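Observations on chain architecture
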Amino acid sequence: MRLSGRLSAAIEIISDFEARRVPLKTALADWARGARYAGAKDRAWISGLCLDILRNRQSLSAMMGDESPRAAVIACLHFEWAISLDDLQEALCEEPHGAGALTEPERVRLETPNSLDDEPLHVRANFPEWLAPNIERVFGADAVKIMSAFAERADVDLRLNGLKTESEKALSALKSVKAKPIPLLKNTARIEAPSPSEKAPAVTVIPAFNKGWVEVQDLGSQIAAAAAGEVKGAQVLDYCAGGGGKTLALAAMMENTGQLYAYDRDPRRLKPLFHRAKRAGVRNLQIRSPAGDEGLDDLVGKMDVVFVDAPCTGAGTWRRHPDTKWRLTEQQLQRQMQEQDIVLRQAAEFVKPGGRMIWVTCSFLMEENEDRLSEFLSANTDFSFEPVIDGIEASNLLSQEGHGAIKPMITPEGAIRLSPDKLRADGFFIATMRRAS
Ligand SMILES: C[S@@+](CC[C@H](N)C(=O)[O-])C[C@H]1O[C@@H](n2cnc3c(N)ncnc32)[C@H](O)[C@@H]1O
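Scoring rules and cut-offs
Residues numbered from 1 in each chain as written. Predicted model: local features only at pLDDT ≥ 70, side-chain atom pairs only at ≥ 80, totals over all residues. Heavy atoms only, no water. Near = heavy atom within 4 Å. Polar contact = N/O pair within 3.5 Å; in protein donor to acceptor, adjacent residues only side chain to side chain. Areas by Shrake-Rupley, 256 points an atom, 1.4 Å probe, with all protein chains shown as cover. Helix = DSSP H or I, 4+ residues; strand = E, 2+ residues; numbered from the N terminus. Phe/Tyr/Trp six-rings, centres within 6.5 Å; stacked < 30°, edge-to-face > 60°. Buried < 20%, exposed > 50% of the residue type's maximum accessible area, 1.4 Å probe, protein only. Lys NZ or Arg CZ within 6 Å of the ring centre and 35° of its normal. Domains from an automatic or database assignment. Contact = heavy atoms within 4.5 Å. Buried area = accessible area lost by both parts, 1.4 Å probe. Salt bridge = Lys/Arg side-chain N within 4 Å of Asp/Glu carboxyl O.

Here we take up the site of the ligand. The environment of the ligand is made up of 18 residues, and the closest members are Cys240, Asp264, Arg269, Asp309 and Gln346. One of the backbone nitrogen or oxygen atoms of Ala241 is found 3.3 Å away from a nitrogen atom of the ligand. For the ligand, whose accessible area on its own is 610 Å², the fraction buried by protein is 86%. The set of elements that each furnish at least two residues to the shell around the ligand consists of α14 (245–254) and α17 (330–348). Sort the elements by how many residues they give to the shell around the ligand and α17 lands first, with three residues.

This is the structure we're talking about:
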């Protein structure tokens, strides 16, 4: 496809997304069904453009003084993708797929965009207006800086699996995808975000992935797992295991000693974990599904560590899934908060006296973190906060440089709120609570 057709496709897809508020993936798939002429490269290009538009939707409109999808598409192509005005004009005028020549106001704004200086926070930093009080509450004067980092493209982070091979060997098998070690945490590597119009390299097709040497896992998610600390020989329950990203990281930390249990309320979510664990060489894992007979009753009060990777709004992953920020509603946030209260109460039952509960969300919102935990702690006085950094240090995965990088992200409670402006990691929140002996 030529630029003219790709540009028109992006306008169509963004219009559809905004009319139906479906996941961007759905809008892209629906468009692709009617555009059989589009090849894989076209689809990747158009998808990359739509993601960039949704990352910067409001600031693009404000710069253009025009809220239409068309204005956002041309603004993104010019300001973010550096397509010249002449090339844009040529594509827009091309028959039969061009979307129509630039109007005079469009040309003026592309040449001299409106300043964002006087725009409100949610426009400058590209998030839904209703969330402004929540975001001001958590990030205060740094809100624009931090939220702008949530509108950037994300790298592909990898965890090198010590259960299968040495880090050096895994790294040398990753040369073709140009992965480089992340000096903050041992056993991590990073493939930098590709240029906007290119697809990220497909790690899952390289032999090292299929041999279990490497997992795709954001640095923030790896730091969250490291918070479990020294877990060799321990009894560990991953209570919200889902597809098992954290389970596999915990298993690697345990070096196949002790006993790791993975549970999730939704049995379908656990399904991929069976083959993922096998590929990763995990031998100390019991998957306990609510669809099975075993349940978790025998584990009550017995776990050294209960890891709770709680259901949440996913606000911390807006770099990767910018469509989700425009689809999030106040009602959904309320629902997640209620779920979180339930999960906390349920998971706490499994912590043995003297044991720890690790609370993790991929959300930076205080309503999903500090507020939930303070409510839980006031009703469960046998639990109290413990510094997360102690656990991460005990894991032996953190470098000196990593320690320095994480320190500014420690909250007054000793929890950690990660953000992409500092680590280029997703916005995870991590807290540790110990149960009195
Ligand atoms: C953030 S996801 C987990 C992601 C997973 N740990 C990973 O690293 O890939 C949260 C999970 O919590 C599960 N969940 C929600 N409520 C639950 C509950 N009351 N008990 C157990 N699991 C629950 C959801 O089904 C979902 O899979």
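Next up on the list: unusual backbone geometry. Along the chain, Glu95 connects to Pro96 via a cis peptide bond; the corresponding omega equals 0 degrees. With respect to the helices and strands, Pro96 occurs in the loop between α6 (85–93) and α7 (104–111). A positive phi angle, near 55 degrees, is found at Arg21, a position not held by glycine. Secondary-structure assignment places Arg21 in the loop between α1 (3–20) and α2 (24–33). The residue Lys178 is not glycine, and still its phi comes out positive at about 60 degrees. Relative to the helices and strands, Lys178 resides in the loop between α11 (167–172) and β2 (180–181).

This next bit is on the packing of aromatic side chains. Any two aromatic rings considered together are summarised by their centre-to-centre distance and by the angle between their planes. Summed over the entire model, instances satisfying the criterion amount to seven aromatic pairs. When the centroid spacing of 5.0 Å and the interplanar angle of 75 degrees are considered together, the rings of Trp45 and Trp81 count as edge-to-face. You can see Trp45 sitting in helix α3 (residues 40–55) and its partner Trp81 sitting in the loop between α5 (69–80) and α6, a full 36 residues away along the chain. The exposure class of Trp45 is buried, given its relative accessible area of 10%. The exposure class assigned to Trp81 is buried, which follows from its relative accessible area of 11%. Through a chain of ring-to-ring contacts, the aromatic side chains of Phe139, Phe150, Trp318 and Phe364 assemble into a single cluster. Note that Lys211 overlies the ring of Trp213, its terminal NZ or CZ placed 4.2 Å from the centroid.

Okay, the domain arrangement of the protein chain next. According to the domain assignment, the protein chain consists of domain 1 (3–116), domain 2 (156–216) and domain 3 (219–435). For domain 1 and domain 3, the distance between their C-alpha centres works out to 38 Å. Taken together, the contact pairs eleven residues of domain 1 with seven residues of domain 3. Taking both sides of the interface into account, the surface hidden between domain 1 and domain 3 amounts to around 780 Å²; carbon and sulfur atoms contribute 58%. The largest per-residue losses of area from domain 1 upon contact with domain 3 belong to Arg21, Leu54 and Arg55, which jointly make up 52% of the total buried on that side. Our count for the domain 1 to domain 3 interface comes out at zero salt bridges.

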